[in-house]
Amino acid sequence: MDRAFLTTRYLREVTQRHARASELLGAVPESELLRSIYLGRYLSRPLFIGRAERDQLYADLENVRAALVSLPDRLFGGDLASYARAVGANEVQVRAALRSTGRPVTRQARADLYADSSGFRLLEFNIGAAVAGMDNSDICRGLLAHPVLAEFAEIHGLGYVDSMREQVNNMFAETGAERGSFPVVALAASPARYADIGSYMNYLAVRWRELGLDAHACRVEELEVANGRVWLGGRGVDIISRLFLVEDLREPTALDVIGPVLDAAARGEVKVFTPLDSELLGNKAALAMISDQRNRHLFSAAELASFDRIVPWTAMVVPGQVTLEDGQRVELLDYAVGHQQDLVLKPVLLHSGDGVLPGWHPDLSPRLWQQRLSEAVGSPHVIQRRIRPVPELFPGDDGELVPWIVTWGVFTGVGGYGGVLARAATVASNPGVINVDTGASVGCCLSAR
């Protein structure tokens, strides 16, 4: 069984039973946690994936992750500062990363992919704190409350990984906290991020308490360092779950608040999950480094095979020649100007699609595309080969099947494959960037056991 077989069979079942999208959501709309972040926008069915497909994808993602976290050693002689500058970090971000490193690097990651006619292709690889969406298991549970999906899953031996439980497992494993110790966890975000998702963070803290963490949501400036500990409202904090990001550290004053917390972690007074350096290792510029033909000799045959399967051609936007997938040498800027429809321009240190410019956007003239390319030179941007995803069909409210473009957010961690967050937009909406902030609907994935 593969995803095409399972999807076709399920859609046939839904069509025969005349099931509508709203009823197929089962118990999903009842979740306050989900509603606080996704605002009621859910896909009417899960994605499906076969066991062999899942195992191959996980193996490829692990090879990519291992290659990414090794780049400071393989390309920069272990000099993290030089690596950080090469991927576009400013000096404030470099200093912060050097004050917050983790060895071994966290295994918590989310790869965002499209599925095209050849298989899965990587959009970006997020490592560490920017990994959102591990609540997708709530969507799985809610969808399975509907008898059509429950029966289908039972017949075909389908299940899901509880991604949130895996996230908590990652935290215990990587901070060294003992099971059953109920460590105090400060779920800490920057002020701007807390303003956007504070309600969700508080719901999430409640769920984490059910899973063995004494978790509390806060702004990072609420944390105090005193008497050899970090404190939150009179509680001694054992673990800071970091939701403040590298992109929050663009101004020199940013370290005034975060710096003491990072220093406390360096002294062993608190654990940070996950350290800041992990975010730089999942940087879009890092994909350009493993995509660069000049670096292929540094990687194993297994790593190269995984790169060739899932990593699209990616290059830093700098003047000069680059090598394309077919070995052809071209001037990067001339090539990018002449192949606008096949490329996307991305800033390297932003998240949630911020600043991403698809060359095929209907409102983007060749003149404006060339202007944006010129502006990107000398600033941290990559150019990446366009991926053309095959649309997925989902039941609509009138019983029809509606084509959607889906981003697969595949989680990995200390326990291996960690589930999937699906984000999607209808083909009719002509999406450029698919994310929750721009109105995407969300879903989950069931896989063959």
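Structural data are supplied above this passage.
Remember, it's a predicted structure, so these values are computed and weren't measured experimentally. (Residues numbered from 1 in each chain as written. Predicted model: local features only at pLDDT ≥ 70, side-chain atom pairs only at ≥ 80, totals over all residues. Heavy atoms only, no water.)

**Looking at the packing of aromatic side chains**
For the coordinates displayed, the defined rule picks out 8 aromatic pairs. Each ring, one from Phe 120 and one from Trp 408, has its centre 5.0 Å from the other, and the planes form 80 degrees; the classification is edge-to-face. With Phe 120 in strand 3 (residues 119-127) and Trp 408 in strand 19 (residues 401-413), this pair connects stretches of sequence that are 288 residues apart. Just as Phe 120 is buried, Trp 408 falls in that class too. In textbook terms, an aromatic cluster arises when at least three aromatic residues are bridged by ring pairs, as seen for Tyr 10, Phe 48 and Phe 152. Across the ring face of Phe 120, the terminal group of Arg 3 is positioned such that the distance to the ring centre comes to 4.8 Å. (Phe/Tyr/Trp six-rings, centres within 6.5 Å; stacked < 30°, edge-to-face > 60°. Helix = DSSP H or I, 4+ residues; strand = E, 2+ residues; numbered from the N terminus. Buried < 20%, exposed > 50% of the residue type's maximum accessible area, 1.4 Å probe, protein only. Lys NZ or Arg CZ within 6 Å of the ring centre and 35° of its normal.)

**A short note on the sheet that holds strand 1 (residues 47-49)**
One open sheet accounts for 3 strands, arranged 1-22-4; its pairing is mixed. Strands with a single pairing partner mark the edges of an open sheet, and in this sheet they are strand 1 and strand 4 (158-159). As judged from the 2 bridges shared by strand 4 and strand 22 (residues 445-448), these two strands associate in the antiparallel manner. From the neighbouring strand, Leu 158 faces strand 22, where its bridge partner is Ala 448. Across the sheet, helix 4 (residues 51-69) lies against strand 1 and strand 22, angled at about 85 degrees from strand 1, the strand it touches most. (Pairing = 2+ DSSP bridges. Contact = heavy atoms within 4.5 Å. Axes fitted to C-alpha atoms, helices over the stretch in contact; angles between N-to-C directions.)

**Focus on the environment of Tyr 38**
Tracing the backbone through its elements, the reader meets Tyr 38 in helix 3 (residues 32-38). Residues Tyr 38 and Arg 388, spaced 350 residues apart in sequence, show a C-alpha to C-alpha distance of 26 Å. Aside from chain neighbours lying at most four places away, what touches Tyr 38 is Gly 133, Asp 135, Leu 421, Val 436 and Val 442.

**A short note on empty space enclosed by the protein**
For the structure shown, the criterion picks out 2 cavities of 30 Å³ or more. A volume near 30 Å³ is recorded for the second largest cavity. Lining the second largest cavity are Met 134, Glu 166, Asn 170, Thr 412, Gly 413, Gly 416 and Gly 418. Those elements that provide at least two residues to the lining of the second largest cavity are helix 10 (163-175), strand 19 and strand 20 (416-426). Taken together, the residues of the lining of the second largest cavity sort by class into 1 nonpolar, 5 polar and 1 charged. (1 Å grid on protein atoms, 1.4 Å probe; cavity = no way out; pocket = protein on both sides within 12 Å on 5 of 7 lines; lining within 4 Å. Points joined across faces, edges and corners; volume = space filled by probe spheres on them. Nonpolar A, V, L, I, M, F, W, Y, C, P; charged D, E, K, R; others polar.)

**Topic: the nonpolar core**
As a rule of thumb, nonpolar side chains are buried together in soluble globular proteins. Within the largest apolar cluster, 75 residues are counted, with the highest numbers of intra-cluster contacts made by Leu 223, Ile 290 and Trp 408. Beyond its immediate chain neighbours, meaning those up to four positions away, Ile 290 contacts Val 64, Ala 67, Leu 68, Leu 71, Phe 299, Phe 307 and Val 311. Formed by 51 residues, the second largest nonpolar core is a distinct cluster that contains Leu 25, Val 28, Ala 153 and Ala 448. (Core = buried A, V, L, I, M, F, W, Y, C linked by side-chain atoms within 4.5 Å.)

**Looking at the pattern of salt bridges**
Going through the model one piece at a time under the given rule, you end up with 33 salt bridges. The partner of Asp 277 in a salt bridge is Arg 103, and the shortest N-O contact between them spans 2.7 Å. You can see Asp 277 sitting in helix 13 (residues 277-281) and its partner Arg 103 sitting in the loop between helix 7 (91-98) and strand 2 (109-116), a full 174 residues away along the chain. Overall, Asp 277 belongs to the buried group, its relative accessible area being 1%. When salt bridges with common partners are traced through the structure, they connect Asp 138, Arg 141, Asp 162, Arg 165, Arg 207 and Glu 210 into a single cluster. (Salt bridge = Lys/Arg side-chain N within 4 Å of Asp/Glu carboxyl O.)

**What to know about the sheet that holds strand 7 (residues 224-226)**
Sheet strands associate in pairs through backbone hydrogen bonding, adopting either a parallel or an antiparallel arrangement. The sheet built from 3 strands is open, its strands ordered 7-8-9 with antiparallel pairing. Here the strands that pair on one side only, and so sit at the sheet edges, are strand 7 and strand 9 (235-237). Neighbouring strand axes in the sheet, compared pairwise and without regard to direction, differ in orientation by 45 degrees on average. Here 3 bridges tie strand 7 to strand 8 (residues 229-232), and the two strands are oriented antiparallel to one another. Within the sheet, the bridge partner assigned to Val 225 lies in strand 8 and is Val 230.

**Notes on the pairing of strand 20**
Counting buried residues along strand 20, 10 of its 11 residues qualify, which places the element largely inside the surrounding structure. Two strands pair when backbone bridges link them, and strand 19 and strand 20 are joined in this way by 9 bridges, in the antiparallel orientation. Along strand 20, the bridge assignment pairs Thr 412 with Tyr 417. Where strand 19 hands over to strand 20, the hairpin turn is made up of 2 residues, counted between the paired strands. Pairing between strand 20 and strand 21 (residues 441-443): 3 bridges, direction antiparallel.

**With respect to unusual backbone geometry**
Note that the residue after Arg 103, namely Pro 104, is joined by a cis bond; omega there is -5 degrees. Tracing the sequence through the fold places Pro 104 in the loop between helix 7 and strand 2. Put simply, Phe 273 and Thr 274 share a cis peptide bond, and its omega is 5 degrees. Non-glycine residue His 18 carries a positive phi angle of around 55 degrees. Looking at where His 18 falls in the secondary structure, it is placed in the loop between helix 1 (3-16) and helix 2 (21-24). Its identity as a non-glycine residue notwithstanding, Phe 182 has a phi of 50 degrees, on the positive side. Tracing the backbone through its elements, the reader meets Phe 182 in the loop between helix 10 and strand 5 (184-189). Classification of Phe 182 as partly exposed rests on a relative accessible area of 39%.

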